[in-house]
Amino acid sequence: MKLNFKFWNIAIGWATFLIAAIVYLLTIEPTASFWDCGEFIASSYKLEVGHPPGAPLFMLLGRLFTIFAGEAENAAKMINSMSALASAFTILFLFWSITHLARKFINKNDGDFSLPEIIAILGSGLIGALAYTFSDTFWFSAVEAEVYATSSLFTAIVFWAILKWENEADKQKSQRWIVLIAYLIGLSIGVHLLNLLAIPAIVFVYYFKKFKPTFQGLVQATFLSLIILAAVMYAIIPGVVYLASRFELLFVNSIGLPFNSGIFFFIIFIVFLIVAGVRYTHRKKKYVLNTIILSVAVILIGYSSYATIMIRSSADPPMDQNNPENIFNLISYLNREQYGDRPLFYGHYYNAPVTEREQGQPIYAKEDGKYVVVDHKSKLKYDSRFTGFFPRMYSTEAQHIEDYETWVDIKGEQVNVRNNRGEKEKKTIPAVASNLSFFFKYQVGHMYWRYFMWNFSGRQNDIQGHGNVRDGNWIAGFSFLDNNRLGDQDNLPDYLKNNPARNTYYMLPFILGLLGFFYQAKKDNKNFVVILMLFILTGIAIVYYLNQTPHQPRERDYAYAGSFYAFSIWIGFSVMAVFQYLRKRIKSMPAVLLTVIGLLFVPSLMAVENWDDHDRSGRYTTRDFAANYLNSTRPNGILFTYGDNDTFPLWYAQEVEGIRTDVRVSNLSYLGAGWYVHQMMRKAYESDPFPMTHEIDQMRRGSRDVIPITNQLDDWVTLKSVIDFVANEDERTKISAPFEQGKKVNYIPTRNFKLKIDSAAVVEQEVIEPNYHASVVDEMQWKLNRNYLTKDGLVVYDLLASNNWERPIHFAVTVGSNKQFKLGDYMLMEGLGYYLVPVETNNKRRDKEINTGRMYDILMNDFRWGGVDESDIYLNEDNRDMLSNFRSIYGQLAGALLQEGKADSAKRVMDYALEIMDNETIAYEFTVVPYIQSYFEIGENKKAKQVLNTLLENVEQELYYYISLGGFAPQFTDEIRRNMYIIRNLSDLCKEHDERELHEDLEAKFSQYVDMLEDTI
């Protein structure tokens, strides 16, 4: 019986696509997800400008999908569906790539394959593609509005396209595939740069097809591939824009033409060069050069999607990050300058003393029809003794330095240096060996290999790990492996045992991948080199390029999806390896049975294990939690946030679903940038501009970025006087810049601030409820014990001085005290925000005072739960952390209500909170201790003891687990102490409320654990 291989290859490929598409569409999140997704959806929905370096093609594709959304609330679902379909198409092209390469193991024409051979080839594609379909990292990206799904699609298409070229390489028009690949690469730049890492693999396919391999040729091909990669990354992407900026300067500043005329002439110049080059090479029959010019041309056409960024920025949308409306801002945007720089091949170490600050490239702004220099980029120079090759430990953040010393026993030469006070001290110059140790232990071992094994061996849980044995590691599923590496896994607490992301594949995908790896290396070494290049460059090469610091704010496995894609090809090849081995020993080799067994033991196992922690259907938490922040803010208010997860979801809620557009969300981590201050000084929807004394031009980059504080005036100075002084352009209000010679900067002459309060006006404006009117102060006072104030603080102070209490000012509860600029004593807690008021609060004696009336109304009537209260949905670590904060907030409200004698209200609050956030939803921990105390105080002893016993069981499980870890236990000293503190605290509560038997039992347990832990930590 003969089968038409081509037909079945196409048919089963589309069947694989259909399986992936159905799985992903069933498990997508119906609204925005945490981290960047809310921003991507908002920027796509209204074509706004997201964070650098932007993703304009993704934005345009997303906008296309949202056209079919109907209601605005469906926009997120449509863009998530776009990711799902892009991922399914990735699986389709992966299938066809595997079957294309698998045929080479048999080395026959398609029509000559026997039935078992066809089944084995198609089985290889099916098992490899479905293994990747259900892999942890790829599935995660497939169900949310992030760029990585679309980026993976581009990688899959270009790799498949070069294989199609290979089939037609000897035909006359085969170079069309090369031009197509170049165009796809150009387009992919508008999504993510990861696709560029497929270039070396493409070069090697070309080399092996066109040339007889030699060692010298392999070396030359390697260098050529890296040159092409570098040319696209460092010449075309930034270089073209840089050349355009030179044209712009020439035509605007020198010739006097209008803005953007230089860009127009630059485009004409580039088009002229390309047309001339194509015509000349065609006439002279220089086909290789012709193909190169055409390839560069189509890369530029694809790259032109970035014009969207400048065009939309020029419209001043509410989200306009970095304001790349001119060519100079676009350069900074593309270079991701707001995120800083990192050394790669050569640079400074983390403890390098700064020797000077150099003046760098000029920064231009539009003024009177020309571009004028408003500032210069600065570059730090370091003590040359503390610079060297391969600097892996370079960050100066205290947390990172502490982690460096945890990961590596840092050794090197000790030298004398002078510190900031001019005193001599000894410092160690980290040796290259120490940097290599950090590279292999942390950057490769923790930040790549761990993620790799998540996908092909198993995952411990979804708790982000920073190197300890409990959180976020890979597991094998075999006790003799896991116990040695992770400690005793038999004593895990229930919340870890039952973690949905605890997935075990028993290393089967990993073993099959290794089998395929060695089989291809032996049978098809040319294509083995191609896949190996793809695997290394999308894996270890990214590790080198990212040069990641410790304590990343989130797991970064998505960066290595291309490497896992390559390994899935080898998983597919394992079918061919087993088939070829068995057919020599079994006359009638049942290829169908082999394929079915492979499907059961790898893709099916991965699907079953991964479904519960990748199924986001029914989860609306990101949107609803964002609405909770907005609804905690008073009408026409200003809400200061700080982190990604308390900002991007709020942008989504406002920009897409139109939730509380009267509130101005202002991210303090951006507020130090002039472009963002300018946005705050513009109207957005129903929100008026910030009322400020400073003009827009006074807040641009290079002006008032850092304001020195002197102690010239000891008296309390009115905030308005300080702001007027800083806004004054008179040279007498300036001093020499501390670190920049020849530059004068504005300064603040006092650390003692006061704000006069018109109490009658505050009452009349209804700034605060009547029960607080008697507490309104005549004057707010605070002292700023620091030597400088950054621009974000200046904006907050200017707003406070100019606002006259007309607009409510709130700080999200996630904003740390260091970013409250010493105003915390005048804040009341209301929902998920701290409301700034001219009221004498009790904040000096305890945590933020709670405005119980408004807080009760928000928490009991306005809070939305995103499905937590209605269905059994998967809650990842971000959601659990949010809910833990919410449970703490409800407990604080209950305590405040009790102090006011409102026991019935306190009970309703606690019962409501623990009904939604019970132990099954989020395990009881220290946040429920106040509930126990409050239940005791209102006489609900039975309920108090019920919560107490559940909490105690969790605490004891954790302590037993830590004790079982033996030598690993010191990693959890803080957790052990916290749990011991909880037991002691519970014991004291029982004693206070005459629960003597329970008190004595807790005291005994406390003593028991002290004895058990004495030799452990």
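Attention shifts here to the overall build of the chain. Tallying secondary structure elements over the chain gives 36 helices and 22 strands in all. The C-alpha radius of gyration of the chain comes to 31 Å, within 12% of the 31 Å expected for a compact globule of 1017 residues. For the chain, the spread of C-alpha atoms along the three principal axes comes to 95 × 85 × 65 Å. Counting every position in the chain, which comprises 1017 residues, the buried fraction comes to 57%. Counting only contacts in the chain whose residues sit at least 6 apart along the sequence, the fraction spanning at least 24 positions is 74%. Accessible area for the chain stands at about 43,600 Å²; split by element, carbon and sulfur atoms hold 55% of it.

Here 3 strands make up an open sheet; going across it, the order is β12-β16-β17 and the pairing mixed. On the outer flanks of this sheet lie β12 (717–718) and β17 (779–783), each paired with one strand and no other. Here 5 bridges tie strand β16 (residues 752–756) to β17, and the two strands are oriented antiparallel to one another. Note that in β17 the partner of Lys-754 across the bridge is Gln-781.

Before going further, it helps to examine the nonpolar core. Residues Phe-640, Tyr-797 and Tyr-890 are the most contacted members of the largest nonpolar core, which totals 311 residues. In terms of residue count, helix α4 (residues 75–102) provides more of this core than any other element does, 16 residues in total. Leave out the neighbours within four places in its chain, and Phe-640 touches Ser-666, Leu-668, Leu-671, Phe-690, Val-796, Leu-799, Ile-809, His-810, Phe-811, Ala-812 and Val-815. If you look at the next biggest cluster of nonpolar residues, it comprises 6 residues, including Tyr-349, Phe-386, Val-415 and Val-417.

Turning next to the layout of surface pockets. There is about 810 Å³ of room inside the second largest pocket. Lining the second largest pocket we find 26 residues, and of these Ile-178, Val-203, Leu-224, Ile-228 and Ile-292 sit closest to its centre. Elements supplying a minimum of two residues to the lining of the second largest pocket: α8 (175–189), α9 (199–210), α10 (215–254) and α12 (287–303). Among the residues making up the lining of the second largest pocket, the classes are represented as 21 nonpolar, 5 polar and no charged.

Attention now goes to unusual backbone geometry. Cis geometry is found at the peptide bond from Pro-52 to Pro-53, where omega equals 0 degrees. Note that Pro-53 resides in the loop between α2 (37–45) and α3 (56–66). The phi angle at Leu-47 is positive, at roughly 50 degrees, despite the residue not being glycine. Tracing the backbone through its elements, the reader meets Leu-47 in the loop between α2 and α3. We note that Met-507 has phi near 65 degrees; this positive angle belongs to a residue other than glycine.

Moving on, we come to the sheet that holds strand β21 (residues 833–836). What the 6 strands build is an open sheet, ordered β10-β9-β19-β21-β20-β22; its pairing is mixed. A single partner strand is all that each edge strand has here, and the edge strands are β10 (664–667) and β22 (849–850). By the bridge criterion, 3 bridges tie strand β19 (residues 809–812) to β21 in an arrangement that is antiparallel. Its bridge partner lying in β21, Ala-812 is registered against Gly-833.

Two numbers describe how helix α31 (residues 877–899) lies on helix α33 (residues 929–937): the axes approach to 9 Å, and their chain directions differ by 30 degrees. On the basis of the axis angle, α31 is roughly parallel to α33. Judged by the sense of rotation from one axis to the other, the crossing of α31 with α33 is left-handed. Taking contact as the criterion, the partners of Arg-887, Tyr-890, Gly-891, Ala-894, Gly-895 and Leu-898 in α31 are, on α33, Tyr-931, Ser-934 and Glu-937. By residue class, the composition of the contact of α31 with α33 is 4 nonpolar, 3 polar and 2 charged.

Moving on: the packing of aromatic side chains. One pair of aromatic rings is described through two measures. These are the centre distance and the angle between the planes. Enumeration according to the criterion identifies 87 aromatic pairs in this entry. With a centroid separation of 4.8 Å and an interplanar angle of 55 degrees, the aromatic rings of Phe-105 and Tyr-519 are classed as tilted. Here Tyr-519 lies in helix α19 (residues 508–523) and Phe-105 lies in the loop between α4 and α5 (115–133), a separation of 414 residues in the sequence. A centroid spacing of 5.9 Å and a plane angle of 10 degrees characterise the contact between Phe-390 and Tyr-544, whose relative ring orientation is stacked. Of this pair, Phe-390 sits in the loop between β4 (387–389) and α15 (398–407) while Tyr-544 sits in helix α21 (residues 540–546), and the two are 154 residues apart along the sequence. In this structure Phe-390 comes out as buried when scored by relative accessible area, which is 18%. Over the face of the ring belonging to Phe-140 we find Arg-616, whose NZ or CZ atom lies 4.5 Å from the ring centre.

Position of His-678 relative to the elements: it lies in helix α26 (residues 674–680). On the accessibility criterion, His-678 (17% relative accessible area) is buried. Setting aside residues no more than four positions away along its own chain, His-678 makes contact with Ile-696, Met-699 and Arg-700.

Our next topic: the pattern of salt bridges. On inspection of all chains with the given rule, the structure shows 39 salt bridges. One salt bridge in this structure joins Arg-459 and Asp-136, with 3.4 Å as the shortest N-O distance. With Arg-459 in strand β7 (residues 458–459) and Asp-136 in helix α6 (residues 136–142), this residue pair connects regions lying 323 residues apart in the sequence. For Arg-459, a relative accessible area of 11% translates into the label buried. Residue Asp-136 is classed as buried on the basis of its relative accessible area, which comes to 2%.

The next subject is the pairing of β16. For β16, a buried count of 4 out of 5 residues is recorded, marking the element as mostly surrounded by other parts of the structure. As paired elements, β12 and β16 share 2 bridges and run parallel to each other. Among the inter-strand pairings, Thr-718 is bridged to a residue of β16, identified as Lys-754.

Attention now moves to helix α27 (residues 719–727). Within α27, the full set of buried residues consists of Leu-719, Val-722, Ile-723, Val-726 and Ala-727. With its buried residues spanning 130 degrees around the axis, α27 presents them on a single face.

This paragraph deals with α2. Counting buried residues along α2, 9 of its 9 residues qualify, which places the element largely inside the surrounding structure. Of the residues making up α2, those classed as buried are Cys-37, Gly-38, Glu-39, Phe-40, Ile-41, Ala-42, Ser-43, Ser-44 and Tyr-45. Packed against the buried residues of α2 are α3, α4, α7 (147–168) and α25 (648–655). Phi turns positive one or two residues past the end of α2, at Leu-47, with a value near 50 degrees.

Each value, and the rule that gives it
Each residue is numbered by its place in its chain's sequence as written, counting from 1. Given that the model is predicted, a residue must reach a pLDDT of at least 70 before its local features are reported, and side-chain atom pairs must reach 80 or more before they are shown or counted; all residues, however, enter totals for whole chains, interfaces and linings. In computing side-chain properties, one takes all heavy atoms of the structure into account and sets aside hydrogens as well as water. In this text, helices come from DSSP runs of H or I with a minimum length of four residues, and strands from runs of E with a minimum of two, each type numbered from the N-terminal end. To get the radius of gyration, use the C-alpha atoms; to get the globule rule, take the number of residues to the power 0.38 and multiply by 2.2 Å. Only protein chains enter the area calculation, which uses a 1.4 Å probe; residues under 20% of their type maximum are buried, those over 50% are exposed, and those in between are partly exposed. The contact criterion used is simple: two residues touch if any of their non-hydrogen atoms lie within 4.5 Å. Surface accessibility in these figures is a Shrake-Rupley result with a 1.4 Å probe; residues are shielded only by whichever protein chains are displayed. Strand pairing is defined by DSSP finding a minimum of two bridges between the two strands. Nine residue types can take part in a nonpolar core, namely buried Ala, Val, Leu, Ile, Met, Phe, Trp, Tyr and Cys, and a core is a set of them joined through side-chain atoms within 4.5 Å. Points on a 1 Å grid over protein atoms alone make up a cavity when a 1.4 Å probe fits among them but cannot get out, and a pocket when they form an open set with protein on both sides within 12 Å along at least five of seven lines; lining residues each have an atom within 4 Å of a point. Grid points are joined across faces, edges and corners, and a volume is the space filled by probe spheres set on the points. The nonpolar class holds Ala, Val, Leu, Ile, Met, Phe, Trp, Tyr, Cys and Pro. Asp, Glu, Lys and Arg form the charged class, and all remaining residues, Gly among them, are polar. All axes are obtained by fitting lines to C-alpha atoms, using only the stretch in contact for helices, and the reported angles, taken between N-to-C directions, cover 0 to 180 degrees. Note on angle classes: values under 35 degrees are labelled roughly parallel, values over 145 roughly antiparallel, values of 65 to 115 roughly perpendicular, and the remainder oblique. What makes a crossing left-handed is the near helix being turned counterclockwise from the far one by less than a right angle; a clockwise turn instead makes it right-handed. In this scheme Phe, Tyr and Trp rings, the latter by its six-membered ring, pair at centre separations within 6.5 Å, and the angle between planes marks the pair as stacked below 30 degrees, edge-to-face above 60, and tilted otherwise. Counting as a charge over the ring demands two things of the Lys NZ or Arg CZ atom: a distance within 6 Å of the ring centre and an angle within 35 degrees of the ring normal. Here, a salt bridge means any Lys or Arg side-chain nitrogen found within 4 Å of an Asp or Glu carboxyl oxygen. The arc in question is the one traced by the directions running from the helix axis out to the C-beta atoms.

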